[in-house]
Structures are given as structure tokens and as C-alpha cells.
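# Working through the structure, step by step
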Amino acid sequence: MGAENRLTERTVANPTSALAAGALLLLVGVGGLLGWLRQPRELRLDPPAAADLDRFRPMPNGISGTPPQSYFALGKPYETDAYNLSQGKRLYAWFGCAACHGDGRGGAGPSLVDGWWLYGPEMVSIVASIRDGRPHGMPAFHGRMTIEQIWQLAGYVQTIGSYTPKIAAPSRNDDKHTRPAENRGPAIILFDEGPVGQEPGPSP
């Protein structure tokens, strides 16, 4: 009984602390709500939507193609959504993409930031490259990733090699930054230099 009385007396004696705590909780709640309204996040696609993302139509030459209608209905989330781009960045590290492409500037595989895309910079081309592989070294990942993960990784790859800056960006690394931020469009800066490791040539 005495402890309850002391607690009540402290609360009454110091109403500003109670108001401050209430205001802080309200601020956190409003911030969380505004963040969700700005970018609602669905952590897992419905199976029909995920299956539809796997039904894109590449062109016969393997360059570009037609995304499924569901991609536009979803609002192109793998190109414009910071969460999905961050997931793509995580997948880039998890699946060892840096072993061939380095931090994006190339290595055993081609550079992703020099502005030269062998199969085009469109999302369908990048998704097809990751899902089905390409000749001369690019393995297929359709048996190792879900189709949503493939689209997330493709969005990240497109962002680091983009010709124009994007508003959305993945989180930055804590280690040394060796190239521009992923959404800063480094390809436009490096484009005139030609493909990495080759002599400058005509625009593709």
C-alpha cells in the first residue's frame, strides 16, 4: 500500500516527465505510421504474384523484353523501393556476385558501372541474366533464389549501373567507399571511357 502511494505521489509531483514520455510515444507512433504510409512494405509476395513475375517475355535475341503486367501493377517496386534495393544489395553479397563483379567495377566478370550493358540495362534483361545465366561465365540462379529475390538483385544491379541518378537507394556500407553511392548514376560519368579493360570505342 505504501509503495503504491509513493508511486502515485511521484507521478503527481512530476507531471512533466509523464507528459514527456507520452509525447515521445506519440511521436514514435506517428513517425512509424508516416513511414508505413510513405512506403508500405509487404515482406512476402502472394504466391500468384510471385509466379507471375516469373512469366516475363524476353526478346529472341535475349536483350530486353516485356515485364509481366503485375510488375507495373505493383508500382515497379524493385526499381523504386529502398527496402527492395537493400535486399538486393544483401543478396549481391550473399551469393558471391562480388567474386566476379567486384564492388560493381568488374573483375573476372564485366563491370556494372561503366555504362556498357552487353544485354541492355532494362530490368527484364538483368532478371533474365540472373535467372537463366549467360554464355561465357554467368551462371543461372533460378534454382538458388526465389523469383522475388532475383528481381530484388536485378533492381540493385540496375541501380549501381544506372545512367541517371535515382531517388531510392540501398543503405551504404560502413567500410571504405570505393565508388559513388549506388543511386548516383556512375555509369554516365564513366560511359565515355569505354568498357572497363578495353580501349574506348563507339557508343553501343
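Here's what I pulled together on the structure shown here. (Residues numbered from 1 in each chain as written. Predicted model: local features only at pLDDT ≥ 70, side-chain atom pairs only at ≥ 80, totals over all residues. Heavy atoms only, no water.)

Counting residues in hydrophobic clusters, the biggest one holds 29 residues, and the most contacted among them are Ile130 and Trp151. Listing elements by their share of this core, those giving two or more residues are α3 (47-53), α6 (82-94), α8 (123-132) and α9 (147-160). Each residue touching Trp151, except ones within four places of it in the same chain, is listed here: Leu53, Phe56, Pro67, Pro68, Tyr71, Tyr78, Met123 and Val127. (Core = buried A, V, L, I, M, F, W, Y, C linked by side-chain atoms within 4.5 Å. Buried < 20%, exposed > 50% of the residue type's maximum accessible area, 1.4 Å probe, protein only. Helix = DSSP H or I, 4+ residues; strand = E, 2+ residues; numbered from the N terminus. Contact = heavy atoms within 4.5 Å.)

With that settled, consider the pattern of salt bridges. Scanning the entire structure with this criterion turns up three salt bridges. Across the pair Arg55 and Asp52 runs a salt bridge, and its minimum N-O distance is 3.3 Å. With a relative accessible area of 52%, Arg55 lands in the exposed category. Residue classification places Asp52 among the partly exposed residues on the basis of a relative accessible area of 21%. Put simply, Asp54 and Arg131 hold a salt bridge, and the shortest N to O gap is 2.8 Å. Of the two residues, Asp54 sits in the loop between α3 and β1 (57-58) while Arg131 sits in helix α8, which places them 77 residues apart along the sequence. What makes Asp54 partly exposed here is its relative accessible area of 36%. (Salt bridge = Lys/Arg side-chain N within 4 Å of Asp/Glu carboxyl O.)

Right, let's talk about the side chain of His101 for a bit. With respect to the helices and strands, the residue His101 is situated in helix α7 (residues 98-101). For His101, a relative accessible area of 14% corresponds to the buried category. In contact with His101, other than residues within four places in its own chain, are Tyr92, Gly106, Gly107, Gly109, Pro110 and Leu112.

On to α8. Of all ten residues making up α8, nine are buried, and the element is well covered by its neighbours. Every buried residue of α8 is listed here: Met123, Val124, Ser125, Ile126, Val127, Ala128, Ser129, Ile130 and Arg131. Immediately beyond the C-terminal end of α8, within one or two residues, lies Gly133, with a positive phi of roughly 80 degrees.

Just geometry here; none of it tells us what the structure is for.
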